[in-house]
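# Coordinate inspection notes
Each chain, written out:
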There are 4 protein chains.
Amino acid sequence: MTSADIKLKRLVAATFTPFTAEGEINLSVIGPYIDYLKEKQGVDSIFVNGTTGESMSLSVAERKTLAEEWCQKAKGKMDQVIVHVGCLSLKDSQELAHHAKQIGADGIAVIAPSFFKPTTSDALKKFLGEVSSAAPNVPFYYYHMPATTGVNVLARDVLEGIEELIPSFSGLKFSGSDLMDFGLCVSYIQSHCSALYGIDEQLLAALPFGAHGAVGSTYNYLGYHVNKLLTAFEKGDLFEARKIQFKIQELLSYAKKLGFDVGVNKQLMNEVSGLCLGLPRLPVMPCPQDHSLRLVKKFHSLFTES
Amino acid sequence: MTSADIKLKRLVAATFTPFTAEGEINLSVIGPYIDYLKEKQGVDSIFVNGTTGESMSLSVAERKTLAEEWCQKAKGKMDQVIVHVGCLSLKDSQELAHHAKQIGADGIAVIAPSFFKPTTSDALKKFLGEVSSAAPNVPFYYYHMPATTGVNVLARDVLEGIEELIPSFSGLKFSGSDLMDFGLCVSYIQSHCSALYGIDEQLLAALPFGAHGAVGSTYNYLGYHVNKLLTAFEKGDLFEARKIQFKIQELLSYAKKLGFDVGVNKQLMNEVSGLCLGLPRLPVMPCPQDHSLRLVKKFHSLFTES
Amino acid sequence: MTSADIKLKRLVAATFTPFTAEGEINLSVIGPYIDYLKEKQGVDSIFVNGTTGESMSLSVAERKTLAEEWCQKAKGKMDQVIVHVGCLSLKDSQELAHHAKQIGADGIAVIAPSFFKPTTSDALKKFLGEVSSAAPNVPFYYYHMPATTGVNVLARDVLEGIEELIPSFSGLKFSGSDLMDFGLCVSYIQSHCSALYGIDEQLLAALPFGAHGAVGSTYNYLGYHVNKLLTAFEKGDLFEARKIQFKIQELLSYAKKLGFDVGVNKQLMNEVSGLCLGLPRLPVMPCPQDHSLRLVKKFHSLFTES
Amino acid sequence: MTSADIKLKRLVAATFTPFTAEGEINLSVIGPYIDYLKEKQGVDSIFVNGTTGESMSLSVAERKTLAEEWCQKAKGKMDQVIVHVGCLSLKDSQELAHHAKQIGADGIAVIAPSFFKPTTSDALKKFLGEVSSAAPNVPFYYYHMPATTGVNVLARDVLEGIEELIPSFSGLKFSGSDLMDFGLCVSYIQSHCSALYGIDEQLLAALPFGAHGAVGSTYNYLGYHVNKLLTAFEKGDLFEARKIQFKIQELLSYAKKLGFDVGVNKQLMNEVSGLCLGLPRLPVMPCPQDHSLRLVKKFHSLFTES
């Protein structure tokens with residue numbers, strides 16, 4: 001799988017949205033956040049205002065302000081800044097797509113609308129196409145996450161002929177566990193398009209299918225280790241790749257038994273990075289203190305170097 | 001069940017949002033729409049910007065404009081105008097709640113946020129409470145629709161102690177098929193609160209539990225008949241009530257086999273009422289012509305009088 | 001709804017299977033069990049070897065022995081003994097159906113096979129028809145329980161033309177919460193067929209649709225009260241019917257919060273009736289002692305008379 | 001991952017059960033079937049009376065007769081014959097386990113009971129342990145297939161301390177898409193135990209985690225190609241491994257769009273192998289002719305060599 005023309009590859013951190021103590025968006029953390037990702041985690045691309053970024057809990061105005069700040073601060077530091085512009089409302093998505101173009105985002109991504117759930121790939125593609133038409137030349141990524149959206153349309157069916165509808169189509173973030181569907185996407189996709197995997201705890205499952213990289217929340221604090229995993233896999237050192245993946249599985253399995261959501265995840269990032277990203281916004285609940293302590297302890301028992 | 005103090009009762013039409021041919025909201029239809037509901041369907045209360053109204057596909061600005069028009073045109077004609085202000089984003093919901101108060105809505109309703117799904121009744125109540133705090137004196141209704149939202153929290157648990165958090169709590173719209181949960185809500189709820197049922201095709205199941213009324217989309221075009229059903233039930237004429245419910249079930253069962261969503265439902269309303277509500281907005285797809293013809297034919301074969 | 005010809009109506013207890021301390025079937029309890037149902041609970045019909053009877057955990061030989069004992073001991077005491085003969089294996093079901101005929105059962109019932117799940121009503125009907133063909137003149141009841149079987153076929157579609165395939169078709173036990181589907185069954189079914197409802201905690205929801213009775217596990221210990229509920233409903237005394245249903249909902253809601261399955265249910269029956277039905281068989285776990293104590297206490301706080 | 005002591009590894013064909021035209025089990029095909037697997041597909045181990053073998057549609061007597069024939073005919077030809085003895089009824093499972101021991105099976109496997117679904121790993125382990133106790137020295141394999149059984153217990157939790165309960169525990173067949181759970185099993189399991197993957201269309205996803213082999217239905221007719229896939233993977237030739245996996249995905253994706261179940265699968269095997277395995281037994285429906293023709297054509301267009 002030659003990836004000469006592929007823009008989005010390797011690790012992409014799905015960023016958290018920093019909030020102040022009053023629950024307002026906190027732009028001041030974005031600069032240091034980008035430095036942290038680059039310097040400490042070896043991450044060169046970001047996916048902003050996505051699920052990890054609590055975009056669905058933000059107003060359109062907040063999403064614009066954040067996107068602008070991410071793009072500005074990432075200049076010269078990040079390779080790619082992908083702005084997620086998916087909303088339940090097509091109108092809002094179009095407004096955000098247009099804005100992303102104006103601020104010079106390297107790409108936009110759109111998740112399937114999850115309240116009125118498209119039941120066919122055609123309906124979903126029509127929605128995606130309308131969003132893209134508000135920013136026709138901006139590289140477009142489809143964000144596939146069926147378990148969360150409840151939209152049970154195969155990604156491979158979404159990709160069928162999508163270039164005709166969306167000439168700027170550039171790839172997909174596949175956050176699903178159906179690896180047949182993922183494999184079919186990889187084998188169908190054009191050579192300039194990216195197939196990125198989005199379930200961090202089983203990234204190793206997607207690599208043999210030819211995934212070009214990964215987008216995920218844990219790369220905010222595990223990027224350093226997952227970069228090693230990717231390198232080991234590329235070198236054919238499965239033993240090493242597996243060792244790292246097993247540690248991540250042990251961490252996330254432990255986290256899930258405690259209860260793991262964006263709030264807990266954000267708190268883990270606060271603790272590991274030392275950044276002040278604040279609490280999540282309702283309906284996501286803040287992480288209980290005790291819960292956080294145990295998880296951080298587990299983290300350090302597994303990952304000491306970084 | 002004495003219902004002296006209950007404000008919201010009997011039939012409440014969940015209104016469709018009228019769009020122009022260009023897909024913009026169409027305020028000019030709202031006046032005639034209200035007259036139609038009152039005069040032809042005998043409906044005295046409306047639930048606007050809800051699921052039927054495609055609120056999740058509207059921008060915040062559009063929702064405000066619509067809410068205002070509904071309230072204004074309903075003056076002197078409708079008994080109650082409930083404005084649904086639920087959004088994925090708490091900030092947006094609060095803005096809409098505050099606006100609803102300013103325009104004199106008779107009540108606000110909030111659905112559970114469905115992207116980041118609350119997993120406990122406490123988390124959900126916290127969210128609802130924060131919305132209500134933006135319009136503290138406006139009667140508040142909880143809109144329970146677990147199959148669509150994927151939020152699997154019992155309504156009865158949401159109601160537990162809710163008056164302390166939301167002093168203006170005034171009832172719930174229960175759009176679920178767990179009639180034990182509904183029964184427990186009815187028996188728990190304070191005497192000034194309404195328990196309204198929201199699955200039109202099985203309204204008769206909820207009546208013996210003491211439902212005070214019903215909120216639904218089909219009351220837009222079946223209000224006349226369902227008013228008869230309610231009256232028959234109140235008089236103890238189960239035979240008549242059942243006859244009407246069976247006809248509705250035959251219609252909706254037929255519709256579901258064809259494929260039934262807000263787009264098809266809206267087209268049926270266009271055909272039956274003669275109003276020009278336009279097409280739905282993406283991601284809801286327009287109803288195929290042939291599909292619409294067959295459904296309208298079925299409607300008229302079942303309901304000729306009205 | 002004239003029910004002159006209907007054989008199966010009013011309350012039908014879905015019986016538990018008595019086990020000895022060693023976990024073998026215990027025939028000696030069956031006689032006293034029948035007397036208890038008749039004398040203390042006012043129940044005149046039984047549904048044996050069903051879900052409550054843990055039939056799926058029994059061998060074919062055990063099911064035969066049990067069925068024979070139930071039929072024999074019920075003679076002259078019970079109006080109807082329905083033997084459930086559903087199995088995953090058609091061969092086993094046919095053997096049990098043939099046996100039920102030989103022992104003079106008043107009817108047989110069959111649940112949808114739940115491992116290889118029929119995906120169409122035709123496939124399911126074909127299976128049911130083959131079972132019935134092993135006992136062609138024995139009244140046949142379809143046992144609909146989609147949430148447990150995972151077979152998502154509408155009961156109404158199963159009923160379509162079923163008399164041609166199964167001339168002895170006599171009705172259905174509907175254990176589902178889709179009251180539209182139930183209503184459509186009631187309005188379609190021939191006048192000699194029974195439509196019995198099977199979710200005890202919301203029986204009141206099914207009565208206005210014309211349910212002829214109910215089959216359930218709680219009628220083993222709540223038959224006395226539910227008979228009153230039925231009578232109240234028939235007299236049009238909704239207030240009284242609702243009062244009883246609300247109590248049952250309070251009991252079962254409490255039970256579900258603790259964890260409610262056949263093992264807990266059986267233990268409640270042991271405590272309330274004084275019969276020695278023993279423990280459940282694996283994979284059903286025995287009810288923890290503390291759990292049982294709390295549930296029995298709740299039971300007595302709600303139902304003192306009987 | 002040293003696999004010196006591991007008994008069950010590489011490809012294991014989950015065999016179909018041959019039926020006569022009258023629908024009775026057909027022992028005469030078993031000998032030629034084994035030769036076909038060995039000679040044409042390079043398969044050395046079999047998993048009999050499993051899901052593919054329609055075991056849940058067989059009587060206990062039929063399962064015994066079949067198991068005996070498979071063991072006898074496999075002597076000197078197959079490396080391992082694993083007899084699946086899982087049933088809804090513990091008693092039946094124990095009888096089959098005891099019988100498997102008597103006929104000299106190389107191992108037994110047990111699926112979670114799926115009617116009364118264990119809700120904790122403890123309950124499930126207790127059930128598995130009771131089955132194993134009827135054949136205490138026979139290597140025991142846990143068969144994990146949550147999507148079909150509806151038993152949502154993590155395999156890793158089932159494995160926790162299982163050797164104490166089942167000293168003969170020898171591995172698991174993991175037919176699930178949660179590769180974190182699979183990875184955790186592989187890293188936890190003792191060195192003499194096998195971790196076999198069971199979703200054929202995404203086998204490549206499990207290999208980097210250290211799967212020791214695969215159990216599946218498609219290895220009946222694709223064993224030759226999947227052996228090549230395994231060898232390519234072992235050599236580090238991901239390009240070749242992926243090419244084969246993509247072809248299998250194309251075949252199975254095509255099959256699923258047509259409708260793919262044990263009946264269709266069996267017909268494909270009939271056509272590809274030339275063996276006469278007959279039709280499936282109800283509730284599995286026979287494969288429509290046209291459907292079969294299209295699938296076989298697709299098969300040959302993808303796989304011509306073998």
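Treat the numbers as computed from the prediction; the structure is a model and nothing was measured.

### Some remarks on the overall build of chain A
When helices and strands are counted, chain A shows 13 helices and eight strands. Its C-alpha radius of gyration of 18 Å places chain A within 12% of the 19 Å reference for a compact globule of 306 residues. Here the C-alpha coordinates of chain A stretch approximately 50 × 50 × 35 Å along the principal axes. Taken over 306 residues, chain A has a buried fraction of 66%.

### Some words on the interface of chain C and chain B
Counting residues at the interface gives 30 residues for chain C, matched by 30 residues for chain B. Carbon and sulfur atoms make up 67% of the area that chain C and chain B hide from each other, which totals about 2300 Å². The interface formed by chain C and chain B holds two salt bridges in total. The salt bridge partner of C:Asp157 is B:Lys257, with a shortest N-O separation of 2.6 Å.

### Observations regarding the relation of the copies chain C and chain B
It takes a turn of 180° to lay chain C on chain B, together with a shift of 0.0 Å along the axis; the resulting RMSD is 0.0 Å. What the rotation and shift describe, once combined, is the action of a two-fold rotation axis. The position closest to the rotation axis in chain C is occupied by the C-alpha of C:Ala205, lying 2.0 Å away. Mapped onto chain B, 100% of the interface residues of chain C are again interface residues, and the two copies thus contact each other with one and the same surface.

### Thoughts on the packing of aromatic side chains
All told, the structure shown has 33 aromatic pairs over all chains when counted by the stated rule. Relative to C:Phe116, the ring of C:Phe115 has its centre 5.2 Å away and its plane inclined at 90°; by these criteria the two rings are edge-to-face. Here C:Phe115 and C:Phe116 have matching classes, each one buried. Counting every residue linked through ring pairs, the aromatic cluster contains A:Phe174, A:Phe182 and A:Tyr197. Directly above the aromatic system of D:Phe47 lies the positively charged group of D:Lys173, at a separation of 4.9 Å from the ring centroid.

### Side note on the UniProt feature "binding site: pyruvate" (unreviewed entry) in chain A
All names here are of chain A. Following the UniProt record, the feature "binding site: pyruvate" (unreviewed entry) maps to Thr52 and Val215 here. Spatial clustering of the annotated residues is evident: they stretch over 164 residues in sequence, but the largest pairwise C-alpha distance comes to 10.6 Å. Position of Thr52 among the secondary structure elements: in the loop between β2 (45-48) and α2 (60-74). The exposure class of Thr52 is buried, given its relative accessible area of 10%. Apart from the residues within four sequence positions on either side, Thr52 is in contact with Ala14, Thr15, Phe16, Thr17, Ser217 and Val262. Positionally, Val215 belongs in strand β8 (residues 213-216). For Val215, a relative accessible area of 1% puts it in the buried group.

### Focus on the sheet that holds strand β8 (residues 213-216) of chain D
Residue and element names in this part refer to chain D. Judged by pairing direction, the barrel is parallel, and its eight strands sit side by side in the order β1-β2-β3-β4-β5-β6-β7-β8 before closing back on the first. Across the sheet, the mean angle from the axis of one strand to that of its neighbour is 25°, orientation sign disregarded. This element, helix α4 (residues 121-132), spans β4 (107-111) and β5 (140-144) of the sheet and lies at about 140° to β5. Sheet contacts for helix α10 (residues 219-235): β1 (10-14) and β8; angle to β1, the most-contacted strand, approximately 165°.

### A few points about the arrangement of the chains
Chain A makes no contact with chain C; the smallest distance between any of their C-alpha atoms is 17 Å. Separated throughout, chain B and chain D approach each other most closely at a C-alpha pair spaced 17 Å apart.

### A word on the UniProt feature "active site" (unreviewed entry) in chain A
Residues and elements named next belong to chain A. Here the UniProt-annotated "active site" (unreviewed entry) positions come out as Tyr143 and Lys173. A maximum C-alpha distance of 4.8 Å among these annotated residues, which run over 31 residues, shows that they cluster at one spot. Structurally, Tyr143 is set in strand β5 (residues 140-144). Mapped onto the fold, Lys173 is located in strand β6 (residues 169-174). Using a relative accessible area of 7% as the deciding quantity, one classes Lys173 as buried. Contacts of Lys173, omitting those with residues within four sequence positions, involve Phe47, Tyr142, Tyr143, His144, Leu196, Gly198 and Val215. For Lys173, the side chain forms a polar contact with the side chain of Tyr143, separated by 3.3 Å.

### Focus: the state of the cysteines
Under the defined criterion, the tally for this structure stands at zero disulfides over all chains. The thiol of B:Cys87 is unpaired, and the distance to the nearest cysteine sulfur, on A:Cys87, comes to 12 Å. Looking at B:Cys87, the relative accessible area reads 6%, which means it is buried. Cysteine D:Cys71 shares no disulfide, and the gap to the nearest cysteine sulfur, in D:Cys87, comes to 16 Å.

### Some thoughts on the sheet that holds strand β6 (residues 169-174) of chain C
Residue and element names in this part refer to chain C. One closed barrel accounts for eight strands, arranged β1-β2-β3-β4-β5-β6-β7-β8; its pairing is parallel. With strand direction ignored, the average angle separating the axes of adjacent strands in the sheet is 25°. With four bridges connecting them, β6 and strand β7 (residues 194-197) associate as parallel partners. For Phe174, the partnering residue across the bridge sits in β7 and is Tyr197. Sheet contacts for helix α10 (residues 219-235): β1 (10-14) and β8 (213-216); angle to β1, the most-contacted strand, approximately 165°.

### Comments concerning the relation of the copies chain A and chain D
The operation relating chain A to chain D is a screw motion whose rotation component is 180°, with 0.0 Å of axial translation and a residual RMSD of 0.0 Å. The residues that chain A uses at the interface reappear at the interface of chain D in 100% of cases, marking a shared surface.

### Quick word on unusual backbone geometry
Omega for the bond connecting B:Leu282 with B:Pro283 falls within 30 degrees of zero, at 10°, which places this linkage in the cis form. Within the secondary structure, B:Pro283 is located in the loop between α12 (262-273) and α13 (289-302). In this model, C:Arg10 sits at a positive phi of 55°, which is unusual for a non-glycine residue. Residue placement: C:Arg10 occurs in strand β1. We classify C:Arg10 as partly exposed; its relative accessible area is 29%. A positive phi angle, near 55°, is found at C:Glu54, a position not held by glycine. Assignment of secondary structure puts C:Glu54 in the loop between β2 (45-48) and α2 (60-74). Judged by its relative accessible area of 0%, C:Glu54 falls in the buried class.

### Considerations on the packing of α2(A) against helix α3 (residues 90-102) of chain A
All names here are of chain A. Packing of α2 against α3 brings their axes to within 10 Å, and their N-to-C directions diverge by 20°. The pairing of α2 with α3 is recorded here as roughly parallel in orientation. The handedness of the crossing between α2 and α3 is right-handed. Contact residues: α2 offers Val60, Arg63, Lys64, Ala67 and Glu68, while α3 offers Asp92, Glu95, Leu96 and His99. Across the contact of α2 with α3, the residue classes break down as three nonpolar, one polar and five charged.

Definitions and limits used
- Residues numbered from 1 in each chain as written.
- Chains lettered and ligands numbered in written order.
- Predicted model: local features only at pLDDT ≥ 70, side-chain atom pairs only at ≥ 80, totals over all residues.
- Heavy atoms only, no water.
- Helix = DSSP H or I, 4+ residues; strand = E, 2+ residues; numbered from the N terminus.
- Rg over C-alpha atoms; globule rule 2.2 N^0.38 Å.
- Buried < 20%, exposed > 50% of the residue type's maximum accessible area, 1.4 Å probe, protein only.
- Contact = heavy atoms within 4.5 Å.
- Buried area = accessible area lost by both parts, 1.4 Å probe.
- Salt bridge = Lys/Arg side-chain N within 4 Å of Asp/Glu carboxyl O.
- Least-squares fit on C-alpha atoms with pLDDT ≥ 70 in both.
- Phe/Tyr/Trp six-rings, centres within 6.5 Å; stacked < 30°, edge-to-face > 60°.
- Lys NZ or Arg CZ within 6 Å of the ring centre and 35° of its normal.
- UniProt positions renumbered as here; feature names shortened; annotations may be inferred.
- Pairing = 2+ DSSP bridges.
- Axes fitted to C-alpha atoms, helices over the stretch in contact; angles between N-to-C directions.
- Polar contact = N/O pair within 3.5 Å; in protein donor to acceptor, adjacent residues only side chain to side chain.
- Disulfide = S-S within 2.5 Å.
- Parallel < 35°, antiparallel > 145°, perpendicular 65-115°, else oblique.
- Left-handed = near helix turned anticlockwise from the far one by under 90°.
- Nonpolar A, V, L, I, M, F, W, Y, C, P; charged D, E, K, R; others polar.

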